[in-house]
Structure formats: structure tokens, C-alpha cells
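Report on the structure
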Amino acid sequence: MRRFASDWGDLMIRPATPAAYQLLHHGVLALAAIEHNGIRINLNTINKRREDIKEKIRDIEERLRGSKIFKEWQRSFGSKMNINSRAQLAHVLFNKLGYEAANKTAKGLPSTEAEDLERLGIGFVTGYIKQAKLKKVLSTYIEDWTVETGADGIMHPSFNLHLTETYRSQCEDPNLQNVPIRDAYIGPLIRSCVEAHDENSYFTELDFSGVEVKVSCANHKDPTMMRYLTERNAQGQLVGDMHKDMAAQIFMLPKETMPKEIRQTAKNKFVFPSFYGSYYHTMAIDLWNDCVKYKHKTTDGVDLIEHLKSKGIRELGSKDKDVKPVKGTFIYHLQQIEQDYWGRRFATYDRWKKRIWEQYLRDGGISTLTGFCIHGVFRRNQIINTGTQGPAFHCNLQSIIWIQEEIRKRKMKTKLVGQVHDSILASVPKNEFDDFAPMAKKIMTKRLCETWTWINVPMEIEVDRAPLGGSWADKKKIEVA
DNA sequence: TACTTCGGCGCC
DNA sequence: AAAGGGCGCCGAAGTA
């Protein structure tokens with residue numbers, strides 16, 4: 001059964017101030033308008049995509065059938081063989097063929113998640129993962145959207161404010177908040193099915209930049225982090241880049257010539273996990289795996305792991321988290337980095353984490369910047385994150401409320417059609433765009449900061465727009481005054 | 001047949 | 001001391 005926040009006896013959605021109540025009240029109404037507007041699916045495109053994907057799956061399966069591993073699978077399971085059963089695959093790989101699982105699941109079974117399987121370096125498995133991913137998007141997006149879309153071509157996802165523990169929103173039937181984008185092949189495949197409401201409107205996305213990090217600053221007020229988000233040069237460019245700085249420190253490279261992919265690895269496998277409460281051991285393994293997976297190279301073309309060796313880091317170190325980190329291993333190195341990160345670089349942030357946790361233990365709850373009570377049984381990492389995640393979303397929600405009000409007041413034909421935590425989706429008629437975009441930008445970057453004076457670093461947004469007749473997949477960044 | 005749990009995977 | 005925050009949906013397999 002789906003778990004609702006309200007299932008926990010003493011935990012409930014609890015606006016603790018009039019402003020928080022108003023935010024929920026007007027938020028629900030604005031989201032109802034979005035739900036009513038709905039989002040347009042191009043039925044021709046989605047039908048084409050269905051056939052393309054099915055054909056691709058058939059092709060891959062055809063190839064798989066010729067493989068030795070497939071035949072072993074057939075021998076083991078006979079008529080019970082089901083290519084969609086990961087448990088069967090695990091049995092074949094790890095029991096019959098003697099491969100060693102790279103990881104275990106929570107219940108101690110061998111992991112069959114894509115990354116762990118791919119690490120085995122088996123051709124069959126690579127193909128298997130490919131078709132499994134395609135089946136996932138076929139059922140979750142193509143097939144489900146087809147069912148959810150009415151004859152008018154409009155789909156109406158539900159947005160709720162009362163089901164999430166952190167006071168974020170939730171979206172269902174279908175969930176519009178997990179539409180593929182990272183995979184360069186699958187993202188456009190699915191997003192190309194989503195369009196503006198008519199051929200004279202732009203499909204538009206308004207996206208807060210780094211809103212969670214910025215809202216976290218309002219909580220901890222760490223001067224170093226605030227400087228990263230505030231200090232600009234004469235051209236208006238931010239001076240510092242914390243992801244690049246961390247990449248430089250972790251991989252012992254000069255930041256001036258930092259390759260983009262290495263910065264990305266530091267951002268996704270160290271900086272963000274650190275915010276969410278991960279620690280050096282897990283992060284070291286993830287960083288190391290990324291280096292292997294993406295074959296990272298320094299600007300001189302040296303393999304990043306070889307480069308680390310030249311700097312005295314011989315190996316990853318023991319994956320057993322109970323083993324004390326040994327000098328000369330990457331895990332030991334990460335332990336040093338982490339100590340510096342929380343002990344020196346973001347020491348104020350670190351002290352806030354301790355303070356908020358102690359406050360929670362003392363009072364049995366905390367209150368958020370937007371006036372909500374977080375009350376109930378939580379783990380430490382939940383307490384540290386919950387006061388940031390909710391208010392960050394509330395920046396988006398308050399913007400939605402005001403933008404929706406302006407649309408009504410100005411009798412515009414623009415329709416808000418969705419919302420993804422820190423971004424707003426709209427279908428904007430051609431002749432309204434030059435009014436709409438600056439109006440929305442002003443609300444999201446100016447009015448919000450003037451009203452919520454706890455915001456202590458500048459807010460920025462990115463505006464992306466698809467050409468007329470284009471789709472969500474065609475969105476391009478544009479400059480808005 | 002209907003439901004639950006698990007592992008997996010899509011997003012912020 | 002513990003060790004990645006928040007969601008929804010899918011299929012397989014087990015259970016009622």
C-alpha cells in the first residue's frame with residue numbers, strides 16, 4: 001500500500017502560521033487549475049514511438065537469443081523461463097555460470113541493478129540492460145500515457161500537497177515529475193510526445209537554478225557557501241564554482257583546466273551526496289566507479305585512476321565499511337577530504353546540522369522557513385534535509401500561485417500545464433510570450449525575495465522554450481529580460 | 001483473482 | 001552513532 005504522511009499517528013500536514021495555511025490553500029487552487037488545463041500529448045508521435053521502441057526491443061532480443069548465456073537460461077528454467085525475471089537472470093549468472101555479484105540487495109540477494117550487472121563486462125548483459133530499459137519506458141511512459149490521455153489529446157496528472165512528509169508536492173496518474181531526460185536517447189524519445197496546447201503556442205519551462213542549495217543557505221547561513229552563490233566578476237559571472245573546486249581537491253587536478261565530466265562526477269558523487277548526508281566510504285566507491293565507468297582522463301589524456309596512482313593513491317581500499325581506512329587508498333583520501341569539507345570549508349553548515357538535530361531531539365520537531373511544523377519520528381539525515389526540501393519547493397509553489405493570478409488578472413490565454421519541484425511548465429501563445437516570460441521571471445527572482453526576506457542569496461531562473469510546433473524535447477534556453 | 005512485497009528505475 | 005533526502009510505477013513472485 002502507498003504510505004501517506006498521515007498514516008503516522010502523530011505526523012500530519014500542519015501549517016503552523018497563517019502564511020503557511022494560505023500557501024497550502026492557494027497552492028491547492030493553483031494546482032487544481034494546472035490539473036484542469038492538463039498537458040498535451042501528440043498521439044501520432046506517441047504511436048510512432050511505441051512502434052519504434054517495440055522494434056528495437058525485438059531486435060535486441062533476437063540477438064540475445066543467440067547467446068550462450070541465453071541458452072543456459074533456457075536449460076535452467078525450461079518453459080518457466082521469463083526474460084523479464086531478474087531473479088532468474090541472477091540465478092543463471094551467479095549460480096550456474098559462477099560470476100560474482102558486484103553488490104547485494106537490502107535483503108542480501110545478489111544485486112541485478114544495471115550498474116552492477118554492467119560491471120561484469122558481459123556482452124549479453126549489456127544487451128539485456130538495453131532492452132530492459134526500453135521495456136521500462138515503454139510501459140511506464142508510452143503505454144501508460146496512452147491510457148491516461150483523453151480523445152482530446154490532453155492528459156491530466158494529479159498534483160497533491162498533502163501526501164509528502166517534507167511538504168513537497170507529489171504527482172500521480174501519471175507522474176509528470178519523472179519523465180526521462182538524462183539518457184540522451186530515451187529522453188527525447190519520450191519528451192517528443194509532449195507539446196504545447198496548440199500550434200500557435202510555445203511549450204515553455206521556467207526553472208529555478210540551484211534552489212535547494214540556495215534555500216539551505218537560508219537555514220545554515222554558511223558564509224563560504226553564500227559566497228559561492230553570490231560573488232560575481234565585472235561581467236556578472238559567478239566567481240567560484242564549488243563543484244569544480246571539489247573536483248580539483250578530490251582528483252588533485254588544477255581547477256583552471258578541469259574537464260567538464262570530472263566536475264560532473266564530483267558534483268553528483270560528492271557534493272550532492274554530502275548535502276544529503278552520505279559519507280566518505282560510500283562516496284569514495286561511487287566516485288571510483290564513475291572514473292572506471294566513464295574512463296575519465298586528465299587534460300593531458302592520462303587515465304584519472306593512473307593519475308591518482310602517480311599522486312600516491314594506489315587503490316580504492318576495502319569495500320567493507322568496518323575496515324579502518326588505510327593510508328594510500330582512495331577511501332582514506334576521501335575521509336581526509338570529507339574532514340576538510342565539513343571541518344573547514346563549510347564549518348558553519350556543519351554546526352547548523354548539529355544544532356538542528358539537537359533541537360529536534362529536544363523539542364520533538366522543527367519548523368520550516370515557510371511556517372510548517374515537521375513533527376514525528378525522523379532519522380538525522382531526514383531532519384537535516386526536510387527543512388530545505390519543503391521550502392525550496394515552496395518557492396516554486398508561491399511563484400505558481402502568483403503567476404496563475406497574473407494570468408487570470410490579465411485575461412491571458414497562457415496555460416500552466418505542470419510543475420516539477422523547481423520548475424514550471426506552461427503553454428504560452430505566441431503573442432503573449434513577451435509579456436508572460438518577463439512577468440514570470442520577475443515573480444520568481446524579485447517578488448519572491450522581497451516577500452520571503454529569509455532568502456539570503458539571489459534567485460535566478462532559466463527559461464527554456466520549444467519552437468512553435470515543437471515538443472518538450474526541443475526546448476532551448478532563451479534570454480528573458 | 002486480488003493483494004503485498006521486493007527490486008529496480010525514472011525524476012528533482 | 002550512523003552513514004543518500006523526497007517521490008510513483010512497473011513486473012515478478014509470493015500469499016490470501
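Residue numbers run consecutively from 1 along every chain, following the written order of its sequence. Chain A is the first chain written and ligand 1 is the first ligand written, with later ones labelled in order. Totals for whole chains, interfaces and linings use all residues, but because this is a predicted model, local features are given only for residues with pLDDT of at least 70 and pairs of side-chain atoms are given and counted only at 80 or more. Note that water and hydrogens are dropped before the side-chain values are worked out from all heavy atoms of the structure.

1. Side note on the protein's contact with DNA strand B
Formally: Proximity is defined per residue: any heavy atom of the residue falling within 4 Å of a molecule or strand makes that residue near it. Counted as a polar contact is a pair of N or O atoms within 3.5 Å, where, for protein atoms, one must be capable of donating a hydrogen and the other of accepting one, and residues adjacent in sequence contribute only when both atoms are in side chains. Helix and strand labels come from DSSP, where a helix needs a run of H or I of at least four residues and a strand needs a run of E of at least two; each type is numbered from the N terminus. Each residue gets one label: Ala, Val, Leu, Ile, Met, Phe, Trp, Tyr, Cys and Pro are nonpolar, Asp, Glu, Lys and Arg are charged, and the others, such as Gly, are polar.
The full set close to DNA strand B counts 22 residues, and Thr112, Arg168, Ile181, Arg182 and Asp422 are the nearest of them. A share of 78% of the atoms of DNA strand B within 4 Å of the protein falls on sugar and phosphate groups. The side chain of Lys107 places a nitrogen or oxygen atom 3.0 Å from a phosphate oxygen of DNA strand B. Backbone polar atom of Ala114 to a phosphate oxygen of DNA strand B: 3.1 Å apart, as the coordinates give it. In terms of residue count, helix α6 (residues 123-148) provides more of the surface near DNA strand B than any other element does, three residues in total. Within the surface near DNA strand B, the residues separate by chemical class into seven nonpolar, seven polar and eight charged.

2. Considerations on the packing of aromatic side chains
Inclusion rule: Pairing of aromatic side chains here covers Phe, Tyr and the six-membered ring of Trp, requires ring centres within 6.5 Å, and sorts the geometry by plane angle: under 30 degrees stacked, over 60 edge-to-face, intermediate tilted. Remark: exposure states derive from per-residue accessible area (1.4 Å probe, protein chains only) relative to the maximum for the residue type, with buried under 20%, exposed over 50%, and partly exposed in between. Lysine and arginine charges are scored as sitting over a ring when NZ or CZ, respectively, is within 6 Å of the ring centre and within 35 degrees of the ring normal.
Following the criterion strictly, the structure yields 21 aromatic pairs and no others. Measuring from ring centre to ring centre gives 5.6 Å for Phe203 and Trp472, while their planes differ by 45°; the resulting arrangement is tilted. In this pair, Phe203 sits in strand β6 (residues 201-208) while Trp472 sits in the loop between β11 (461-465) and β12 (476-478), placing the two residues 269 residues apart along the sequence. As far as burial versus exposure is concerned, Phe203 and Trp472 are alike and both buried. Measuring from ring centre to ring centre gives 4.9 Å for Tyr341 and Trp342, while their planes differ by 85°; the resulting arrangement is edge-to-face. Per residue, the accessibility class of Tyr341 equals that of Trp342, and both read buried. Each member of the aromatic cluster is reached from another via a ring pair, and the members are Tyr228, Phe270, Phe272, Phe275, Tyr341, Trp342, Phe346, Tyr349 and Trp352. The cationic tip of Lys353 hangs over the ring face of Trp342; the distance from NZ or CZ to the ring centre is 3.4 Å.

3. So, the pairing of strand β9 (residues 415-419)
Note the cut-off: Two strands are said to pair when DSSP picks up at least two bridges between them.
Most of β9 is tucked away, with four of its five residues classed as buried. Where β9 meets strand β10 (residues 423-429), four bridges bridge the pair, whose relative direction is antiparallel. Note that in β10 the partner of Gly418 across the bridge is Leu425. Between β9 and the antiparallel strand that follows it, β10, lie three residues; His421 among them carries a positive phi value of about 65°.

4. Re the confidence of the model for chain A
Where we set the bar: Residue-level confidence of the predictor is what pLDDT reports, using numbers from 0 through 100. Throughout, a residue-residue contact means that at least one pair of heavy atoms, one from each residue, lies within 4.5 Å.
Per-residue confidence for chain A averages 95 on the pLDDT scale, and 97% of its residues sit at or above 70. Low pLDDT (under 50) marks residues 6-10, which in the prediction has seven contacts with non-local residues, meaning those over four places away or in another chain.

5. Details of the pairing of β10
Within β10, seven of the seven residues are buried, leaving the element largely enclosed by the surrounding structure. Residues Ser423, Leu425, Ser427 and Pro429 line one face of β10 and the alternating positions Ile424, Ala426 and Val428 line the opposite face, and both faces are buried. For β6 and β10, the ladder comprises seven bridges, and the chain directions are antiparallel. By the bridge assignment, Tyr202 is partnered in β10 with Val428.

6. What about a negative patch on the surface?
For the record, the criterion: Surface patches are defined over residues having more than 30% relative accessible area and no salt bridge, joining like charges when they lie within 9 Å and nonpolar side chains (Val, Leu, Ile, Met, Phe, Trp, Tyr) when within 5 Å. Surface accessibility in these figures is a Shrake-Rupley result with a 1.4 Å probe; residues are shielded only by whichever protein chains are displayed. Any carboxyl oxygen of Asp or Glu within 4 Å of a side-chain nitrogen of Lys or Arg constitutes a salt bridge here. In this tally Asp and Glu are treated as negative and Lys and Arg as positive; neither His nor the chain ends contributes. Where a charge lies is defined by one atom per residue type, namely NZ (Lys), CZ (Arg), CG (Asp) and CD (Glu).
A cluster of acidic side chains, namely Glu51, Glu55, Asp59 and Glu62, defines a negative patch on the protein surface. Relative to the helices and strands, Asp59 resides in helix α2 (residues 43-65).

7. Thoughts on the environment of Asp322
Mapped onto the fold, Asp322 is located in the loop between α13 (304-310) and α14 (330-345). When the C-alpha atoms of Asp322 and Thr230 are compared, they prove to be 40 Å apart, with 92 residues separating the residues in sequence.

8. Quick word on the side chain of Thr370
Looking at where Thr370 falls in the secondary structure, it is placed in the loop between β7 (365-367) and β8 (373-375). For Thr370, the side chain forms a polar contact with the side chain of His394, separated by 2.8 Å. If near-sequence neighbours (up to four positions away) are discounted, Thr370 is found in contact with Thr17, Ala20, Pro391, His394, Trp452 and Trp454.

9. A few points about the pattern of salt bridges
As enumerated under the stated definition, the model contains 23 salt bridges in all. Note that Glu195 and Arg40 form a salt bridge whose closest N and O atoms lie 3.0 Å from each other. Of this pair, Glu195 sits in strand β5 (residues 194-195) while Arg40 sits in strand β1 (residues 39-41); the two residues are 155 residues apart in sequence, bridging distant segments of the chain. When its relative accessible area of 22% is taken as the criterion, Arg40 is described as partly exposed. Glu212 is paired through a salt bridge with Arg168; the nearest N and O atoms lie 3.2 Å apart. Of this pair, Glu212 sits in helix α8 (residues 211-220) while Arg168 sits in the loop between β3 (158-160) and β4 (170-172), and the two are 44 residues apart along the sequence. Here Glu212 falls in the partly exposed class, since its relative accessible area comes to 22%. Connected through shared salt-bridge partners, Glu115, Asp116, Arg119 and Lys293 make up one network.

10. Some words on the sheet that holds β10
Rules: Whenever a helix is involved, its axis is fitted only over the stretch in contact; in every case the axis is a line through C-alpha atoms, and angles between N-to-C directions fall within 0 to 180 degrees.
One open sheet accounts for five strands, arranged β9-β10-β6-β11-β12; its pairing is antiparallel. Single-partner strands in this sheet number two, and they are β9 and β12. Geometrically, the sheet is characterised by an average inter-axis angle of 30° between neighbouring strands, direction not taken into account. With five bridges joining them, β6 and β11 adopt antiparallel strand pairing. The residue bridging Glu205 from the neighbouring strand is Asp464, located in β11. Contacting β6, β9 and β10, helix α16 (residues 380-409) crosses the sheet at an angle of about 170° to β9. Contacts from helix α17 (residues 433-451) reach β6, β9, β10, β11 and β12, with the element oriented near 10° to β6.

11. Quick look at empty space enclosed by the protein
As a reminder of what qualifies: The definitions used throughout rest on a 1 Å grid laid over the protein atoms alone, on which a cavity is an enclosed set of points accommodating a 1.4 Å probe that cannot get out and a pocket is an open set flanked by protein within 12 Å on both sides along at least five of seven lines; lining residues are those having an atom within 4 Å of a point. Grid points are joined across faces, edges and corners, and a volume is the space filled by probe spheres set on the points.
Going through the model one piece at a time under the given rule, you end up with one cavity of 30 Å³ or more. Empty space within the largest cavity amounts to approximately 30 Å³. Lining the largest cavity are Leu24, Leu161, Tyr167, Arg168, Phe372, Phe393 and His394. Here the residues of the lining of the largest cavity are counted per class, giving five nonpolar, one polar and one charged.

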